[in-house]
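# Analysis of the macromolecular model
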Amino acid sequence: MKEVRKIKADSIFDGRKFLFGKILYVNEDGTIIGIDDDKQDAHNTNLEIFHGILVPGFINCHCHLELSHLKNVIEEKTGLVDFLIKVMQLRSFDKEEILSSIKLGDKEMYDEGIVAVGDICNTTDTVLQKRSSHILYRNFVETMGFLPGVAQVRFDYSLKNVFEIIAAENCNTTIVAHAPYSVSKELLQLINRYAAGKIVTIHNQETEEENKFFQEGKSEFLKLYQFLKTDISFYRPTGKNSLPSYLSELDLPSKILLVHNTTTSEEDILFAEKNAKENGQTLFWVLCPNANLYIENRLPQINLLRKCNCNIVLGTDSLASNHQLNILAEIKTIQKYFPEISLEEMLRWATLNGARALGFSDGLGSFEKGKKPGLVLLNKGLEEVKRIF
Ligand SMILES: [Zn+2]
């Protein structure tokens, strides 16, 4: 007969809310049997009692595992354009170092209680590690190309990477756009068709310069295209902010994960939610606060997203722009700058909402019968994470 573990903690966060005075019943392989009242009677033998908060495994909706070797390499608070130029300048690194950093990054996320990751791939460097990882990955093969003439070539290159990743037994893989300022309308249309019914993601409004680029054309991004020696004299600004300039091009995916949203206005949010509703899509707003502070030294208007009832989820971004790959560290940063937001609400973003965003809520994100969401214990002060499963 299979051993049933009976687990009790100071509180249990079940993916939606805090529960007190309850016992979590779990199979020995981590499958949830159920939650019941702690009747404190004679049947409660072999009870495992923990101090702290028991939560389902965390979901990291935005990472670039392949950039783990850039930890502590890029200067902080330079602004996005200089950051991007730096990342491109640092492309050639020793392969061994890249691979060993990927391994460490994957282990760090596991140790910090993360069970699933939405991971951006520009290369196939992470494929081997993901094969043996205990983390479930959804791979977003990122493509970019601002010149309309290169759309097909760039798309085909990304498609080749998709096939390579799928061949390595990681089926949850699709093509996505890097950012509104780095893809042409033509490339966005190819992605849109390919991603029909699928989950896509895009870096959105990470800097005010992005809105300026779409509003008036004059922007720091001209410096980026100079660096890339790309003639963008054909480009005509839309006169609108970034998000309303491109979102309607992505009308076929079922879910869109908008990442960063640092300079998204209320008008943009209302437009985006209305647009998604008309297309039968679900939007998820991914917050990566530590990366925002690292690169731009500012934070998104989180209360505005809350006010508009947006689906909020969390991400770490990469170690190029963060000191750790740790969802709890993101929660603590939000707690520091937005003390009015409850821990319960943020844990929802970090678990069930994240699982829904990545399409993994059948098995992850909450303590519901039959799920195997991972069991993580947080101490009261949120300094420590311990994996029970
Ligand atoms: Zn990113």
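Remember, it's a predicted structure, so these values are computed and weren't measured experimentally.

Within the first shell, the zinc ion binds the protein through His62 (NE2), His64 (NE2), His203 (NE2) and Asp317 (OD), at distances of 2.1 to 2.6 Å. Classification of the site at the zinc ion as irregular follows from its 4 donor atoms and the range of 84 to 170° in their angles at the metal. In the primary sequence, the donor residues of the zinc ion line up as H-x1-H-x138-H-x113-D. Of the two residues, His64 is situated in the loop between β6 (58–63) and α1 (80–89) and Asp317 in the loop between β13 (312–314) and α12 (327–337); the sequence distance between them amounts to 253 residues.

Moving on to unusual backbone geometry. Positive phi is not limited to glycine here, since Lys77 has a value of about 60°. Here Lys77 shows up in the loop between β6 and α1. Assessed through its relative accessible area of 45%, Lys77 is described here as partly exposed. Within the chain, Asn297 stands out as a residue other than glycine whose phi angle is a positive 55°. In this fold, Asn297 is placed in the loop between α10 (289–295) and α11 (302–307).

The next subject is the packing of aromatic side chains. Inspection of every chain in the model, using the stated rule, returns 12 aromatic pairs. A centroid spacing of 5.8 Å and a plane angle of 75° characterise the contact between Phe155 and Tyr194, whose relative ring orientation is edge-to-face. One end of the pair, Phe155, is in helix α4 (residues 151–167); the other, Tyr194, is in helix α5 (residues 185–194), with 39 residues separating them in the sequence. Residue classification places Phe155 among the buried residues on the basis of a relative accessible area of 7%. Taking the relative accessible area as the measure of exposure, Tyr194 reaches 23% and is therefore partly exposed. Aromatic ring contacts, followed pair by pair, group Phe146, Tyr181, Phe213, Phe214, Phe221, Tyr225, Phe234 and Tyr235 into a single cluster.

Another aspect to go through is the sheet that holds strand β8 (residues 136–143). One key point about sheets: their strands pair by backbone hydrogen bonds, in either a parallel or an antiparallel sense. Across the sheet, which stays open at both edges, the 4 strands sit in the order β6-β7-β8-β9 with parallel pairing between neighbours. If you trace the sheet from one side to the other, it starts and ends with β6 and β9 (173–177), each paired once. Within the sheet, the average angular offset between the axes of one strand and its neighbour, ignoring direction, is 20°. Strand direction decides the pairing type here: strand β7 (residues 114–121) and β8, joined by 6 bridges, are parallel. For Ala116, the partnering residue across the bridge sits in β8 and is Leu136. Contacting β6, β7 and β8, helix α2 (residues 95–111) crosses the sheet at an angle of about 145° to β7.

This brings us to the sheet that holds β13. Pairing in this open sheet of 4 strands is parallel, and the strands run β10-β11-β12-β13 from one edge to the other. Edge strands, defined here as strands with exactly one partner in the open sheet, are β10 (199–204) and β13. Averaged over all pairs of adjacent strands, the angle between strand axes in this sheet comes to 30°, irrespective of strand direction. Relative to β13, strand β12 (residues 282–287) runs parallel, the two being bridged by 3 bridges. In the strand pairing of β13, Val286 is matched with Val313.

This paragraph deals with the pairing of strand β11 (residues 255–260). Most of β11 sits inside the fold, with 5 of its 6 residues counted as buried. Two strands pair when backbone bridges link them, and β10 and β11 are joined in this way by 6 bridges, in the parallel orientation. Across the sheet, the residue bridging to Thr201 is Leu257, located in β11. Sheet analysis places β11 next to β12, joined by 5 bridges and oriented parallel. Considered in β12, the bridge of Leu258 is made with Trp285. Taking the sense of rotation as the criterion, the β-α-β connection linking β11, helix α9 (residues 266–278) and β12 turns out right-handed.

Here we take up the side chain of Asn60. Following the sequence through the fold, Asn60 ends up in strand β6. With relative accessibility at 0%, the residue Asn60 sits in the buried group. With residues up to four places along the chain from it excluded, the contact list for Asn60 reads Met109, Ile114, Ala116, Val117, Gly118, Leu314, Gly315, Thr316, Ile327 and Leu358.

A separate point is the domain arrangement of the protein chain. Along its sequence, the protein chain is carved into domain 1 (4–55 + 380–387) and domain 2 (58–364). Taking the mean C-alpha position of each, domain 1 and domain 2 sit 34 Å from one another. Every contact between the two is made by 11 residues of domain 1 and, on the other side, 17 residues of domain 2. Of the roughly 1,300 Å² buried at the junction of domain 1 and domain 2 (both faces included), carbon and sulfur atoms supply 67%. When the area that domain 1 buries against domain 2 is broken down by residue, the three leading residues are Leu382, Val385 and Arg387, summing to 51%. In this assembly, domain 1 and domain 2 are joined by 5 residue pairs in polar contact (both at pLDDT 80 or more). For the side of domain 1 that touches domain 2, the secondary-structure elements that each account for two or more residues are β5 (47–56) and β15 (385–387).

Cut-off values and rules
Residues numbered from 1 in each chain as written. Predicted model: local features only at pLDDT ≥ 70, side-chain atom pairs only at ≥ 80, totals over all residues. Heavy atoms only, no water. Donors = N, O, S within 2.8 Å, 3.2 Å for Na, K, Ca; no water. Tetrahedral: all angles 85-135°; square planar, octahedral: opposite > 155°, others 65-115°. Helix = DSSP H or I, 4+ residues; strand = E, 2+ residues; numbered from the N terminus. Buried < 20%, exposed > 50% of the residue type's maximum accessible area, 1.4 Å probe, protein only. Phe/Tyr/Trp six-rings, centres within 6.5 Å; stacked < 30°, edge-to-face > 60°. Pairing = 2+ DSSP bridges. Axes fitted to C-alpha atoms, helices over the stretch in contact; angles between N-to-C directions. Contact = heavy atoms within 4.5 Å. Right-handed = clockwise from strand over helix to strand, strands pointing away. Domains from an automatic or database assignment. Buried area = accessible area lost by both parts, 1.4 Å probe. Polar contact = N/O pair within 3.5 Å; in protein donor to acceptor, adjacent residues only side chain to side chain.

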